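# Remarks on the overall topology
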Amino acid sequence: MEILSQIWSFLGLLTVLQNILPTQLLSVLHSCYESIQDFFSPYSYFEIPEFNGYCGVDVNDLYRHVNLYLNSINSSSTCPRLTLSRSKSSKSISYTLAPNHTVNDTFCGHHFSWTHQVDNVQDSVEEKRSFTLKLPKRHRLELLKPYLEHVTARAEEFERVSRERRLFTNNGHGSYESGWSSVPFRHPSTFETLALEPELKTQLMDDLTAFSEGKDFYHKIGRAWKRGYLLYGPPGSGKSSLIAAMANFLCYDVYDLELSKVSDNSELRALLIQTTNRSIIVIEDIDCSINLTGDRMTKTRNNHSMHKKNRHVIGDNAEDNGRVTLSGLLNFTDGLWSCCGEEKVIVFTTNHKDNVDPALVRCGRMDMHVSLGTCGMHAFKVLVKNYLGLDSHALFDVVESCIRSGGTLTPAHIGEILLRNRRDADVAVKSVLTAMQAKILGADMDATEGGHEYDDMARSPESIARRLMESPDNWPEGSPEKKKKKEGSTWEKNVKFLVRLRSLTKSDSGRRGV
């Protein structure tokens, strides 16, 4: 009881002194007390306020990084109380340390602790927030800088992975403050679901990984930290799906640039400046967007003819005034303005690589050329796994024979057939097989010559089956098969091959009881 009474007496004395002594003297005494405590303490303390300075306007970026870092290390295992939150645009739950609580951390065998300090500002509803870092005093000089670098790197990686990605498109007002409009990017495509051959898939993933981790390397060799990819192949070969998979793999935003909405080269540069780091800039169908890839010799002759007629028209700039030119696009991809910002990927797509101006796709602009075409056997199995949930099927050997014989189809075509028949796996695989047989027979004519007939055959597996079982002499005059028969022995070999495939399919159906 005597000890308690003495404590109460001491506290009462402190209260009286606090009311009597001037505020300046109390501050000096408090500073002396903290200095004495720091002198005898084996730890050093560093405060990281939420704002820089005293105005409360300039946000302290290190405070934000610490907050993200504590989210990334799963503080719930070491801290008994956390503050949970979730924004409308995010599915993940984020948490921060509750006011005046501490979480422990380790780095290089040493123990650290973070305390979230929250104090009320006198005569205000605002709060003063800060993080206090405690670390061993003996090692503070060699630990502080590398530990904060570790915190920053971990926080940036966590922010890159966890933040909501956006899909941007230019709105035709690139010269203003914001020439881009955006929506959430939630495309589900990944490299696991892409119908690509394994060698190409591995090559792309390794190249993207090396690029995203190559900041120091690019700076060392004196190159802008950017990479260019040219994706070319027929329609339906998966170019857009590959771009989405690249964005999901790197966790980058996507900027879909529509060149027809860009008025001139100045607006094109303004749009480039407004893009963020860690982004993919996409120009689809580069050979069709605007007239950039025409014959340069023809263009030069036209300019020379115009120069004779009008002395005020001088060369290329006068002809192309008021629109995007090839020169402007070249500078966009590899000029001085292309190095504004870092960690950017530029992707061009085209259905016809030969129609693209060689200057656009040279090394340094388009560093990697990716050919996408029809499905091989591995890509076909990936599609069957995605759509039907099957790892194997009795007709896979027959499908592989068709692929080797030239009956390959694009991923989009196979995907549509599997989607349409996804309720019955056997019917789905047979329908794909029928479409492949139709292509071998030559029923897949150009759109102007009966492309719809090919699609109808793919919808009806029995249409080809009946034709295969008939004698070629009984085929109607004018039919694609009759025309092909007249061309020579190659057609007859294809027919015999498909008849054998048909017999294999029938025997397999008999064994399975289908």
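Higher on the page you've got the structure.
Right, let's walk through the structure included here. No experiment lies behind these values; they were computed from the predicted model shown.

## Considerations on the packing of helix α13 (residues 377–388) against helix α14 (residues 396–404)
The N-to-C vectors of α13 and α14 enclose an angle of 135°; their axes lie 10 Å apart at closest approach. Taken together, α13 and α14 sit at an angle that is classed as oblique. α13 and α14 meet at a crossing whose hand is right-handed. Across from M377, F380, K381 and V384 in α13, the residues of α14 making contact are F396, V399, E400 and I403. Here the residues of the contact of α13 with α14 are counted per class, giving six nonpolar, no polar and two charged.

## Some remarks on the packing of aromatic side chains
Inspection of the entire model under this criterion finds 14 aromatic pairs. Each ring, one from F112 and one from Y147, has its centre 4.2 Å from the other, and the planes form 10°; the classification is stacked. On the criterion of sequence distance, the pair formed by F112 in strand β5 (residues 110–120) and Y147 in helix α4 (residues 140–162) is long-range, its members being 35 residues apart. Judged on exposure class, the residue F112 and its partner Y147 are both buried. Aromatic pair F217 and Y218: ring centres 6.0 Å apart, planes at 90°, arrangement edge-to-face. According to the relative accessible area criterion, Y218 is buried, its value standing at 9%.

## Some points on the pairing of strand β7 (residues 166–170)
Every other side chain in a regular strand lies on the same face of the sheet, so the side chains alternate between the two faces. Strand direction decides the pairing type here: β7 and strand β8 (residues 180–184), joined by five bridges, are antiparallel. The residue bridging R166 from the neighbouring strand is P184, located in β8.

## Some points on the pattern of salt bridges
Where charged atoms from two side chains of opposite charge come close, those side chains can pair. Here the structure, examined in full by the defined rule, presents 14 salt bridges. E50 is the partner of R129 in a salt bridge, and the nearest nitrogen-oxygen pair spans 3.6 Å. With a gap of 79 residues between them, R129 in strand β6 (residues 127–136) and E50 in the loop between β1 (43–49) and α3 (61–72) connect regions that are remote in the sequence. In this structure R129 comes out as partly exposed when scored by relative accessible area, which is 31%. Of the charged contacts in the structure, one is a salt bridge between E157 and R160, with a shortest N-O distance of 2.7 Å. Of this pair, E157 and R160 both sit in helix α4, three residues apart, which is roughly one turn of that helix. Residue R160 is classed as buried on the basis of its relative accessible area, which comes to 15%. Several salt bridges share partner residues, and in doing so they unite D207, R223, R227 and D367 into one network.

## A look at the nonpolar core
L204, Y229, L242, M246, V345 and V347 are the most contacted members of the largest nonpolar core, which totals 28 residues. Every element with two or more residues in this core is listed here: α5 (198–212), β9 (226–232), α7 (239–250), β11 (279–283), β12 (344–350) and β13 (368–371). At seven residues, the largest contribution of residues to this core is made by α7. Each residue touching V347, except ones within four places of it in the same chain, is listed here: Y229, L231, I243, M246, I280, I281, V282 and I283.

Calculation criteria
Residues numbered from 1 in each chain as written. Predicted model: local features only at pLDDT ≥ 70, side-chain atom pairs only at ≥ 80, totals over all residues. Heavy atoms only, no water. Axes fitted to C-alpha atoms, helices over the stretch in contact; angles between N-to-C directions. Helix = DSSP H or I, 4+ residues; strand = E, 2+ residues; numbered from the N terminus. Parallel < 35°, antiparallel > 145°, perpendicular 65-115°, else oblique. Left-handed = near helix turned anticlockwise from the far one by under 90°. Contact = heavy atoms within 4.5 Å. Nonpolar A, V, L, I, M, F, W, Y, C, P; charged D, E, K, R; others polar. Phe/Tyr/Trp six-rings, centres within 6.5 Å; stacked < 30°, edge-to-face > 60°. Buried < 20%, exposed > 50% of the residue type's maximum accessible area, 1.4 Å probe, protein only. Pairing = 2+ DSSP bridges. Salt bridge = Lys/Arg side-chain N within 4 Å of Asp/Glu carboxyl O. Core = buried A, V, L, I, M, F, W, Y, C linked by side-chain atoms within 4.5 Å.

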